[in-house]
Structure formats: structure tokens, C-alpha cells
Amino acid sequence: LKGSLAFVPWILQQSYFEGGLDDGKIVMHRGSGAVVFSDASGFTALTERLAVKSNGAELLSQCLTAFFTPLINLINAYRGDVIKFSGDALTIYFPAVEDAPPTRTRAQ
């Protein structure tokens, strides 16, 4: 289970550990943030070139791993959450966070 947590959105992990994933229940998240759609340029042309090679599927898998691993590490470093994979595309959610330390106000 631990190894597959990287592929499960944080929102679902949180619901699971809080006991909120009952059969038939829809998990909803409400909050401020940003949704980003990312698509790899040239992926279709790459798959067409690799399709004619005997080891094309293996090479494509290596390319996707080399592309997605650092990208997902970067997304996680900025508290992002991969919501969906679609071939060479990702849908990512970045929750709004307050990184600045609270400012002190002087008593008057």
C-alpha cells in the first residue's frame, strides 16, 4: 500500500484515513487553489516513431518514467496533487496555502 500512495490523490488518502471512503460515497474537496492541465509536447510523434521498433513499448515506458518522475517530484515539492493521468497529460491541483509567517501588530 505504501508504494502506491504516490499514485493516489492526497484528498482521497485523507478521506481514506479519516474513514470517509464508504462504498458508493463521493469524495468532495472544497477550498481555494489552482487546477493545472499539463500536456507533453510531441508525445504523439514519439509514439508513432517508437511503434515501428521491436522494443518500442519498453522505450516508451522509459521515456514516460524519465518525464513523469521529475515532474511529479516537482509537483509534490510545491504541495501539488496529481488528480488524473491521461497518457502524456496530467491534471494537477495546487491548494492555496499561506507560506508567509504571520505579521505582528504593535499594541497601541
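Residues numbered from 1 in each chain as written. Predicted model: local features only at pLDDT ≥ 70, side-chain atom pairs only at ≥ 80, totals over all residues. Heavy atoms only, no water.

Colleague: Which parts of the structure should I look at to understand the packing of aromatic side chains?
Modeller: The way to describe two aromatic rings as a pair is by their centre distance and the angle between their planes. Under the defined criterion, the tally for this structure stands at two aromatic pairs. Relative to Phe 85, the ring of Phe 68 has its centre 5.4 Å away and its plane inclined at 85°; by these criteria the two rings are edge-to-face. Placement of Phe 68 in helix H3 (residues 56-77) and of Phe 85 in strand E2 (residues 81-86) is noted, with a sequence separation of 17 residues between them. The exposure class of Phe 68 is buried, given its relative accessible area of 10%. What makes Phe 85 partly exposed here is its relative accessible area of 35%. Connected via pairs of aromatic rings, a cluster forms that spans Phe 67, Phe 68 and Phe 85. (Phe/Tyr/Trp six-rings, centres within 6.5 Å; stacked < 30°, edge-to-face > 60°. Helix = DSSP H or I, 4+ residues; strand = E, 2+ residues; numbered from the N terminus. Buried < 20%, exposed > 50% of the residue type's maximum accessible area, 1.4 Å probe, protein only.)

Colleague: How do you make sense of helix H1 (residues 10-17) when you look at a structure like this?
Modeller: Structural remark: α-helix, 3.6 residues per turn; residues separated by three or four positions point the same way. Within the span of H1, buried status applies to Ile 11, Gln 13 and Ser 15. Where H1 is buried, its residues meet E2 and strand E3 (89-95). In the stretch just after H1, Gly 19 is the one whose phi turns positive, near 80°. (Contact = heavy atoms within 4.5 Å.)

Colleague: Can you walk me through the nonpolar core in this structure?
Modeller: Across soluble globular proteins, nonpolar side chains have a tendency to be buried as a group. Judged by nonpolar contacts, Phe 68, Ile 72, Ile 75, Val 82, Leu 90 and Ile 92 together constitute the single largest core of six residues. Among the elements that line this core, the one with the most residues is H3, at three residues. With residues up to four places along the chain from it excluded, the contact list for Val 82 reads Pro 9, Ile 72, Ile 75, Leu 90, Thr 91 and Ile 92. (Core = buried A, V, L, I, M, F, W, Y, C linked by side-chain atoms within 4.5 Å.)

Colleague: How should I be thinking about unusual backbone geometry in this particular structure?
Modeller: Peptide bonds are mostly trans, and most non-glycine residues show a negative phi. Of note, Arg 79 is a non-glycine position whose phi angle comes to about 65°, a positive value. Summarising the element assignment, Arg 79 is placed in the loop between H3 and E2.

Colleague: Whenever I open this one, the sheet that holds strand E1 (residues 33-39) confuses me. Can you help?
Modeller: Sheet strands pair by backbone hydrogen bonding; their relative direction is either parallel or antiparallel. Taken in spatial order, the three strands of this open sheet run E1-E3-E2, and their pairing is antiparallel. Either end of the sheet is taken by a strand with one partner, and the two such strands are E1 and E2. Taken over all neighbouring pairs, the strand axes of this sheet differ in orientation by 15° on average, direction set aside. Alignment of E1 against E3, held across seven bridges, turns out to be antiparallel. Looking at the pairing, Gly 33 lines up with Pro 95 of E3. H3 rests against E1, E2 and E3 of the sheet, and its axis sits at about 15° to E3. (Pairing = 2+ DSSP bridges. Axes fitted to C-alpha atoms, helices over the stretch in contact; angles between N-to-C directions.)

Colleague: Explain the packing of helix H2 (residues 43-51) against H3 to me, please; I cannot follow it from the model alone.
Modeller: When two helices pack together, their arrangement is captured by the angle between the axes and the distance separating the axes. Closest axis-to-axis distance for the H2/H3 pair is 9 Å, and the angle between their directions is 150°. Relative to H3, H2 is oriented roughly antiparallel. Between H2 and H3, the residues in contact are Phe 43, Leu 46, Thr 47 and Leu 50 and Gly 56, Leu 59, Leu 60, Cys 63 and Leu 64, respectively. Considered class by class, the residues forming the contact of H2 with H3 number seven nonpolar, two polar and no charged. (Parallel < 35°, antiparallel > 145°, perpendicular 65-115°, else oblique. Nonpolar A, V, L, I, M, F, W, Y, C, P; charged D, E, K, R; others polar.)

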